[in-house]
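# Analysis of the macromolecular model
This is what each chain is made of:
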Amino acid sequence: MELLENIKATARKELKRIVLPEAEEERTLRAADQCIAESLANIILIGSPEVIRNKAAEYGLEHVNKATIVDPNNNPNKDKYVQLMLDLRKSKGLTKEEAEKLIVNPLYLGVLMIKAGDADGEVAGANNATGDVLRPAFQYVKTRPGISVVSGAFLMMVPKHFGENGLMVFADCAVHPNPTAPELAQIAVETGRTTRAIAGFEPRIAMLSFSTKGSAKHEMVDKVVEATRLAQEMDPSLQIDGELQADAAIIPGIGSKKAPGSPIAGKANVLVFPTLEVGNIAYKLVQRMANAEAIGPVLQGMAAPINDLSRGCSISDIVNLVAITACQAQAK
């Protein structure tokens, strides 16, 4: 697919240090080998060096020996990371004894490496639930300055006459159930930045509603109107308009009738949904009924790129998300 090849090409331009905390898991280890072979990132594997090397030999993996392997049970930087944990969480009641127990957990060790500047991003979730992956990230890496909400964007491969030659970005489809107007504005801005960093085109962002430019009156419409105003103020470099119904956002003839003069109506390539319920339903309907390919979710809003896999992911899913995470790290 051209999009993924472009993402990989971007990742190769400036190799970032991507940590894989589930390195003893077969799919992850095979993906790491492929990432190194394709020069997508400098890979850091967390796990037992002996187990990793034995499994690499068993699977016939030729490139894993080029990865940096960090043993969580015999880590020379343990004291540094424990002290960093205490500096960040002591006010929350974290004790040194608790920190020393947590730092041998690869998911905590991975985010502490990022926080300490020893890694640039993380991909995990092949063997762990989303909550377990994100909890350490929220506690130690936290969100970007000026951003209080994390969201999930999907890259949607749709028919060529939609979006940007058949590529659209949908958000939020994965994380935040019912954002306030300020939170929805943040999601819009972060999705625009994700679009630039990963999809590689200039975003035209439609703030979606069941109303177009005042055609309906409701507090849910008011939220989208306010979010649009706030997003435009947050980042004037982004093209953002709303509120727009979905057809007015993506069909030129309808957009020109319902929202004449709008710079976005009829030609949006980024759709921001008012709630997670709407976004999740929309991307799955488009994926299944239009046979569209959905790549993601790409988590956005974190101070450093940390992305969560489905536990049913394939090796190629992991490889692709490593490349995406590397692109996010470059943009940061």
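The paragraphs below set out a description of the structure included in this document. If you're wondering where the values come from, they're calculated on a predicted model, not measured in any experiment. (Residues numbered from 1 in each chain as written. Predicted model: local features only at pLDDT ≥ 70, side-chain atom pairs only at ≥ 80, totals over all residues. Heavy atoms only, no water.)

## Some points on the overall build of the chain
A tally of helices and strands in the chain yields 13 helices and eleven strands. Against the 2.2 N^0.38 benchmark of 20 Å for 332 residues, the chain shows a C-alpha radius of gyration of 21 Å, consistent with a compact globule. Looking at the 332 residues of the chain, the share that counts as buried comes to 54%. Taking the contacts inside the chain whose residues are at least 6 apart along the sequence as the reference set, 72% of them involve residues at least 24 apart. Here the chain displays about 14,500 Å² of accessible surface, and carbon together with sulfur accounts for 49% of that area. For the chain, the separation between the mean place of its 36 positive charges and that of its 39 negative charges on side chains is 3 Å. (Helix = DSSP H or I, 4+ residues; strand = E, 2+ residues; numbered from the N terminus. Rg over C-alpha atoms; globule rule 2.2 N^0.38 Å. Buried < 20%, exposed > 50% of the residue type's maximum accessible area, 1.4 Å probe, protein only. Contact = heavy atoms within 4.5 Å. Areas by Shrake-Rupley, 256 points an atom, 1.4 Å probe, with all protein chains shown as cover. Lys, Arg positive; Asp, Glu negative; His and termini not counted. Charge placed at Lys NZ, Arg CZ, Asp CG, Glu CD.)

## Points about helix α12 (residues 276-289)
Residues spaced three or four apart along an α-helix face the same direction, because each turn holds 3.6 residues. With 14 residues, α12 should reach 20 Å at 1.5 Å per residue; the first-to-last C-alpha distance of 20 Å fits that figure. Turning to α12, its buried residues number three or more, namely L276, G279, A282, Y283 and Q287. Take α12 and look down its axis: the buried residues cluster within an arc of 135 degrees, on one side only. Exposed positions of α12 whose direction lies more than 90 degrees from the buried face are E277, R288 and M289. On its buried side, α12 packs onto β5 (151-157), β6 (167-171) and β10 (293-300). Once α12 ends, the next one or two residues include N291, with phi positive near 55 degrees. (Expected span 1.5 Å × (residues − 1). Arc of directions from axis to C-beta.)

## Some thoughts on the packing of helix α4 (residues 78-89) against helix α6 (residues 106-115)
At a minimum axis distance of 10 Å, the contact between α4 and α6 shows a crossing angle of 80 degrees. By the criterion of interaxial angle, the relationship of α4 to α6 is roughly perpendicular. Across the interface between the two elements, Y81, L84, M85 and L88 from α4 touch Y108, L109, L112, M113 and K115 from α6. Considering only residue class, the contact of α4 with α6 consists of eight nonpolar, no polar and one charged. (Axes fitted to C-alpha atoms, helices over the stretch in contact; angles between N-to-C directions. Parallel < 35°, antiparallel > 145°, perpendicular 65-115°, else oblique. Nonpolar A, V, L, I, M, F, W, Y, C, P; charged D, E, K, R; others polar.)

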